[in-house]
Amino acid sequence: MAQVKEYIGKVKPDWCPGCGDFAVLNALQRALADLDIAPHNALVVSGIGCSSNLPGFINAYGFHSLHGRSLPVATGAKLCNTDLTVIATGGDGDGYGIGCGHFVHTCRRNVNMTYIVMDNQIYGLTTGQASPTTEKDVRTKTTPEGSIEVPLNPIAMAMTAGATYVARGFSGDNLHLAQMMKGAIEHKGFALVDVFSPCVTYNKQNTYPWFRERIYKLEDEKHDPSDFRLGLEKSFEWGNRIPIGLFYKTERPTYEDEESALRGGISLAKQPLERNNLASLMEDFL
Amino acid sequence: MVDCVFRIGGEGGEGVISTGELMTIALARAGFEIYTFRTYPAEIKGGHANYQVRVADKLLLSQGDHVDVLMAFNEEAYQKHAKDVPKGGVIIYDSDSFSVPPSDHHILYPIPLTSLATEKIGIKLTKNIISLGVLAALFDVPFEKFAGLLKDRFKKKGDAVVQKNLQALQVGVDYVKSMQKRDSIRIGSGPRTAKELVLSGNESLALGAIAAGCRLYAGYPITPATDIMEFLAKELPKIGGYVIQTEDEISAIGCVLGASFAGTKAMTATSGPGFSLMTEMIGLAVVAEIPAVIVDVQRVGPSTGMPTKTEQGDLYLAVYGGHGNCPRIVMALNNVEDCFYGIQRAFNLAEEFQMPVIVLSDQYLGHRKATVPPPDLAKVPIISRRKPTPDELQKGYRRYKSTPDFISPMSMPGMEGGGYVAEGLEHDEVGYPAASDHENHLKLTQKRYGKFIEVEQVSNEMCRIHGDEHPEIAVIGWGSSEGVIREAVQMAKEKGISAGALHPKILYPLPLARIRDFISGTKAVIIPEVNYTGQFATLLRKRFAYDFIQLNKCVGLPFTPKEILDKIEEVAANVRTSRQPHATRV
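Conventions and cut-offs
Residues numbered from 1 in each chain as written. Chains lettered and ligands numbered in written order. Predicted model: local features only at pLDDT ≥ 70, side-chain atom pairs only at ≥ 80, totals over all residues. Heavy atoms only, no water. Helix = DSSP H or I, 4+ residues; strand = E, 2+ residues; numbered from the N terminus. Rg over C-alpha atoms; globule rule 2.2 N^0.38 Å. Buried < 20%, exposed > 50% of the residue type's maximum accessible area, 1.4 Å probe, protein only. Contact = heavy atoms within 4.5 Å. Areas by Shrake-Rupley, 256 points an atom, 1.4 Å probe, with all protein chains shown as cover. Lys, Arg positive; Asp, Glu negative; His and termini not counted. Charge placed at Lys NZ, Arg CZ, Asp CG, Glu CD. Salt bridge = Lys/Arg side-chain N within 4 Å of Asp/Glu carboxyl O. Disulfide = S-S within 2.5 Å. Pairing = 2+ DSSP bridges. Axes fitted to C-alpha atoms, helices over the stretch in contact; angles between N-to-C directions. Core = buried A, V, L, I, M, F, W, Y, C linked by side-chain atoms within 4.5 Å. Polar contact = N/O pair within 3.5 Å; in protein donor to acceptor, adjacent residues only side chain to side chain. Domains from an automatic or database assignment. Phe/Tyr/Trp six-rings, centres within 6.5 Å; stacked < 30°, edge-to-face > 60°. Right-handed = clockwise from strand over helix to strand, strands pointing away. Nonpolar A, V, L, I, M, F, W, Y, C, P; charged D, E, K, R; others polar.

**Student:** Please explain the overall build of chain B as it appears in this structure.
**Tutor:** For chain B, the helix and strand inventory stands at 20 helices and 22 strands. Relative to the 2.2 N^0.38 estimate, which gives 25 Å for 586 residues, the radius of gyration of chain B is 26 Å and therefore close to what a compact globule would have. In terms of principal-axis extent, the alpha carbons of chain B reach across some 85 × 65 × 40 Å. Going through the 586 residues of chain B one by one, you find that 63% of them count as buried. Within chain B, residue pairs in contact and separated by at least 24 positions form 72% of the contacts whose partners lie at least 6 positions apart. Total accessible area on chain B is roughly 21,400 Å²; 53% of this is exposed by carbon and sulfur atoms. Side chains of chain B give 64 positive and 67 negative charges; the mean places of these two sets differ by 3 Å.

**Student:** I'm lost on the pattern of salt bridges in this one. Help?
**Tutor:** Inspection of the entire model under this criterion finds 43 salt bridges over all chains. Measuring nitrogen to oxygen at the nearest pair gives 3.6 Å for the salt bridge that ties Lys-234 of chain B to Glu-235 of chain B. A salt bridge links Asp-405 of chain B to Arg-386 of chain B, with the nearest nitrogen and oxygen atoms 2.6 Å apart. Here Asp-405 of chain B, found in the loop between α14 (390–394) and β15 (421–423), pairs with Arg-386 of chain B, found in the loop between β14 (369–372) and α14; they are 19 residues apart in sequence, far enough to count as distant. Taking relative accessible area as the criterion, Arg-386 of chain B reaches 35% and is therefore assigned partly exposed. Salt bridges linked by common partners bring Glu-221, Lys-234, Glu-237 and Arg-241 of chain A together as one network.

**Student:** Could you clarify how one ought to interpret the state of the cysteines in this entry?
**Tutor:** Put plainly, a disulfide is one covalent bond tying together the sulfur atoms of two cysteines. Residues and elements named next belong to chain A. One pass over the structure, following the stated rule, counts 0 disulfides over all chains. Sulfur of Cys-100: no disulfide; nearest cysteine sulfur belongs to Cys-107 and is 9.2 Å away. The class for Cys-100 is buried, based on a relative accessible area of 19%.

**Student:** Looking at this structure, how should I read the sheet that holds strand β8 (residues 242–249) of chain A?
**Tutor:** Two strands in a sheet stick together by hydrogen bonds in their backbones, pointing the same way (parallel) or opposite ways (antiparallel). Strand order in the open sheet formed by 9 strands is β7(A)-β8(A)-β5(A)-β6(A)-β4(A)-β3(A)-β1(A)-β2(A)-β15(B), and the pairing between neighbours is mixed. Edge positions in the open sheet fall to β7 (215–217) of chain A together with β15 of chain B, since each of these has one partner strand only. Averaged over all neighbouring strand pairs, the angle between strand axes comes to 20°, with direction disregarded. Here strand β1 (residues 42–46) of chain A pairs with strand β3 (residues 85–91) of chain A via 5 bridges, running parallel. Pairing of Ala-42 of chain A across the sheet is with Thr-85 of chain A, part of β3 of chain A. With respect to the sheet, helix α1 (residues 21–34) of chain A is in contact with β3, β4 (114–119) and β6 (191–196) of chain A, its orientation differing from that of β4 of chain A by roughly 160°. Helix α6 (residues 174–186) of chain A rests against β3, β4, β5 (165–170), β6, β7 and β8 of chain A of the sheet, and its axis sits at about 160° to β5 of chain A.

**Student:** Whenever I open this one, the nonpolar core confuses me. Can you help?
**Tutor:** Proteins that are soluble and globular tend to have nonpolar side chains buried together. Residue and element names in this part refer to chain B. Judged by nonpolar contacts, the single largest core of 156 residues is most densely connected at Ile-228, Leu-232, Met-267, Val-295, Ile-343 and Phe-536. At 10 residues, the largest contribution of residues to this core is made by helix α12 (residues 336–353). Counting residues in hydrophobic clusters, the runner-up holds 55 residues, among them Cys-4, Ala-49, Leu-135 and Val-162.

**Student:** Would you mind showing me how to read the environment of Tyr-216 of chain A here?
**Tutor:** All names here are of chain A. Within the fold, Tyr-216 resides in strand β7. Exposure remark for Tyr-216: the relative accessible area of 9% places this residue in the buried category. Distance in space between the C-alpha atoms of Tyr-216 and Ile-242 is 6.3 Å, their sequence separation being 26 residues. If sequence neighbours within four positions are ignored, Tyr-216 has contacts with Glu-221, Lys-234, Glu-237, Arg-241, Ile-242, Pro-243 and Ile-244. Polar contacts involving the side chain of Tyr-216 include one to the side chain of Glu-237, which spans 2.7 Å.

**Student:** Would you mind going over the domain arrangement of chain B with me for this structure?
**Tutor:** Interfaces are often sized by the amount of accessible area the parts lose when they come together. Residue and element names in this part refer to chain B. For chain B, the assigned domains are domain 1 (3–177), domain 2 (198–379), domain 3 (386–450) and domain 4 (464–585). Here domain 1 and domain 4 have C-alpha centroids that lie 36 Å from each other. Facing the 9 residues of domain 1 at the interface are 12 residues of domain 4. If you look at where domain 1 meets domain 4, you find 1 salt bridge. Residue Glu-487 is joined to Arg-54 by a salt bridge in which the shortest nitrogen-to-oxygen separation is 3.3 Å. Inspection of the domain 1/domain 4 interface yields 6 residue pairs in polar contact (both at pLDDT 80 or more).

**Student:** Help me understand the packing of aromatic side chains, please; the structure alone is not making it clear to me.
**Tutor:** Scanning the entire structure with this criterion turns up 26 aromatic pairs over all chains. Ring centres of Trp-210 of chain A and Phe-211 of chain A lie 5.1 Å apart, and the angle between their planes is 90°; this geometry places the pair in the edge-to-face category. Judged on exposure class, the residue Trp-210 of chain A and its partner Phe-211 of chain A are both buried. Look at Tyr-546 of chain B and Phe-548 of chain B: their rings are 5.1 Å apart centre to centre, the planes differ by 40°, and that puts the pair in the tilted class. On the basis of relative accessible area, Tyr-546 of chain B is assigned to the partly exposed category, the value being 24%. With a relative accessible area of 3%, Phe-548 of chain B lands in the buried category. Linked through ring pairs, Tyr-61 and Phe-63 of chain A together with Phe-261, Tyr-397, Tyr-400 and Tyr-420 of chain B together constitute an aromatic cluster.

**Student:** Looking at this structure, how should I read the side chain of Ser-260 of chain B?
**Tutor:** Residues and elements named next belong to chain B. Mapped onto the secondary structure, Ser-260 falls in helix α9 (residues 249–261). Residue class for Ser-260 comes out buried when judged on its relative accessible area of 1%. In terms of polar contacts, Ser-260 uses its side chain to reach the backbone carbonyl oxygen of Pro-291, at 2.6 Å. Setting aside its immediate chain neighbours within four residues, Ser-260 contacts Ile-290, Pro-291, Arg-385 and Met-410.

**Student:** I tried to follow unusual backbone geometry on my own but got confused; where do I start?
**Tutor:** In most cases, non-glycine residues show a negative phi, while peptide bonds are predominantly trans. Omega for the peptide link from Thr-223 of chain B to Pro-224 of chain B comes to 0°, which places this bond in the cis form. On the secondary structure map, Pro-224 of chain B appears in the loop between β8 (216–219) and α8 (226–235). Put simply, Gly-301 of chain B and Pro-302 of chain B share a cis peptide bond, and its omega is 0°. As for its position among the elements, Pro-302 of chain B is in the loop between β11 (292–298) and α11 (315–320). Despite not being glycine, Asp-137 of chain A has its phi angle at roughly 75°, a positive value.

**Student:** What am I meant to see in the pairing of strand β17 (residues 473–476) of chain B here?
**Tutor:** Regular strands have side chains that alternate between both faces of the sheet. Residues and elements named next belong to chain B. Along β17, one buried face is formed by Ile-473 and Val-475 and the opposite face, lined by Ala-474 and Ile-476, is buried too. Of the pairings in the sheet, the one linking β17 to strand β18 (residues 499–504) comprises 4 bridges and is parallel in character. What sits directly across from Val-475, in β18, is Ala-501. This β-α-β element, β17 to helix α17 (residues 482–494) to β18, shows right-handed connectivity.

**Student:** What should I look at first to understand helix α2 (residues 70–80) of chain A in this one?
**Tutor:** An α-helix turns once per 3.6 residues; consequently, residues spaced three or four apart project the same way. For α2 of chain A, a buried count of 11 out of 11 residues is recorded, marking the element as mostly surrounded by other parts of the structure. When we look at burial in α2 of chain A, the residues that qualify are Ser-70, Leu-71, Pro-72, Val-73, Ala-74, Thr-75, Gly-76, Ala-77, Lys-78, Leu-79 and Cys-80 of chain A.

**Student:** Looking at this structure, how should I read the interface of chain B and chain A?
**Tutor:** With 66 residues of chain B at the interface, the matching set in chain A holds 46 residues. Where chain B meets chain A, there are 1 salt bridge. In this structure, the salt-bridge partner of Glu-247 of chain B is Arg-109 of chain A, at a minimum N-O distance of 2.6 Å. The interface formed by chain B and chain A includes 15 residue pairs in polar contact (both at pLDDT 80 or more). If you list the elements that add at least two residues to the side of chain B that touches chain A, you get β7 (197–200), α7 (201–212), α8, β9 (242–245), α9, α10 (272–288) and β15 of chain B. Partitioning the side of chain B that touches chain A into residue classes produces 36 nonpolar, 16 polar and 14 charged. Where strand β2 (residues 61–64) of chain A and β15 of chain B come together, 3 bridges link them in parallel fashion. Note that in β15 of chain B the partner of Phe-63 of chain A across the bridge is Ala-422 of chain B.

Shown next as structure tokens:
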């Protein structure tokens, strides 16, 4: 089995001390090591934000793309090289705000890849504005009187949009988080791992202690992840008790399974370029 | 000699376009060169539609200046187009739909198309096929070309449908026998015996993309580019590639960059509104040095504009779109055949220089059909990106290593030792973010622009000259206007004017040496463009202290040869009398 240290990148993370993203990076490295995925066969694609700097800190191929655009780039790469383990990462603003359109459609497509969202319920890189998951009435730099919008529910969104593995982790529980990620990477289909990854600098509301008081594991309550209705019900649980763990998992043919050109098994990127087969295409136009 | 323009007009959705297309293919199969021109309403049903086909026994360069034969299915078509038929021209019309007072100006053939269809066949829509029978019989186009085509087209629908259509064709032919022919147009058979393809600009481009090695197309439907995606959705799977229809244009170009990064040649095509959305990603492709081909089939803008009409209005966006210092290559396609070869060159440039290549087409070119000789694959050999050597992969691979030609070897995921992060942030030679390193930013910007030294050489090589190489009256055009300009220059030369046209294929970086050489010694240089402000003229003025004369047309239609000829003649006269040249709008 591979060692975690093989996945440690040469660049030192620039996150604030105590940032939840350290745990996410660590859990991802652990999951990749446990699954013995060679660093050159892993691709980590991100958008923009504190958490989207992650590809730089991991030893693998990486693509630090544009704000909100990690999923289209990851989709293009995965569909052309199906041998790669593709992981998209980013934050709540990146994935549920500016990139929300791509998020729901990537769920729907069920491309075989993993999407890890470090959800800190705030815009951290721009120093503390409300995000799509900021809770109502929370004061931020752009909501000085408290946010008047209700937050998005990413778990419910992913489930209803067609994601086939939907889980939530917490940066305060590294082993559980790595387990969620391992399950997501092993899962054949589009997997979301939404991670409570507290921002210690700009989110004074949703802190480590705040989460520790509230979270419980679905596994501990014998939740059946094959039950869609129950999973959806659990996704709306918020307040005094907040569930983490695997909400929903199902098997559905992936985009790659359904696309006839990909069924041959050889990745597009590895196929030799044949130019002699054009003649048959031209017959329709004579 | 045959050189004749047919135009068919009527209500949109009632078969005007399909009648025109059948006519076009029959004429191509009869051995002629064809050149169609299509405008249609933005609505799916209703609105006015027309389809024009010019047919000749010689190379055709434009849609022509007038209409020889108008087929009007309704009065609106007559009212709109009769003015384009000169004295002595032919107008055939459905006399069940409207009547035209007798005139000496046009040769009129009233034909009760609707009642022939309902009474003889029992299906009103067969009037389209009856009208083809009329055209075949009246102008002596070989009947068997139409009959054969109808059999090919309708055989999937069963023998009964084929027979109904052949019967309708015969009704048209028989009706003509009962009439007296009063015009002198005769088409007959053309000189060409070898089969040629009948392709639209968009189809030719799509076929060329496959020939170039494109195996992933990502796109979002938009007029007038959608048929590229539709063509590839049908054809790409046959050779192992495929199309992904994304949720928007940003996602489309995102997929293209992801695919190209992973080692597959990929493309997207769009029109102005989608292209505007893609500009941020173009910057990412530039800074991360990812090969990408982006096609913009231009339509009238700004904003939603006139989606089914043509314009050359996206040049500024193609050249300057995006923030920061952002070198990309901008090419423009010239004609239907060039769509096939031009797109292959675009892929080659993207691969060789590891940067985005923007390919400008337009509605006029994308939607017109022409006869094209079967493609020659040897004409454009495939170029693929430079890859790292095993040695480079073992000894600390640097993705953006400085090299004499500014091009660095590009690894792809799966290569051991080749790992790096493609960055939207400014980065150093290895690929590590370097967002605060001032000197490094200059160095890497120089690297990205350094590639232009060689691209400009290619740009100089990819120019064509028509007419005089060192004319008194010069024309520099771009994109789909090439044929029209070429025809106008020929006409001017026949009138004794020293005229010549330079047509660059790469517009950015400009072919400076070729333009400098071409304009030195000329008395005037005309820049015709289908836009309001003269976007190409502005690019030229940045690099040449020369008083270029603009000729702009901004009505959603392409130039005609005569419009350009008129300007050449006017400028030639001005030059003789030393009057100041001036800009014109058509």
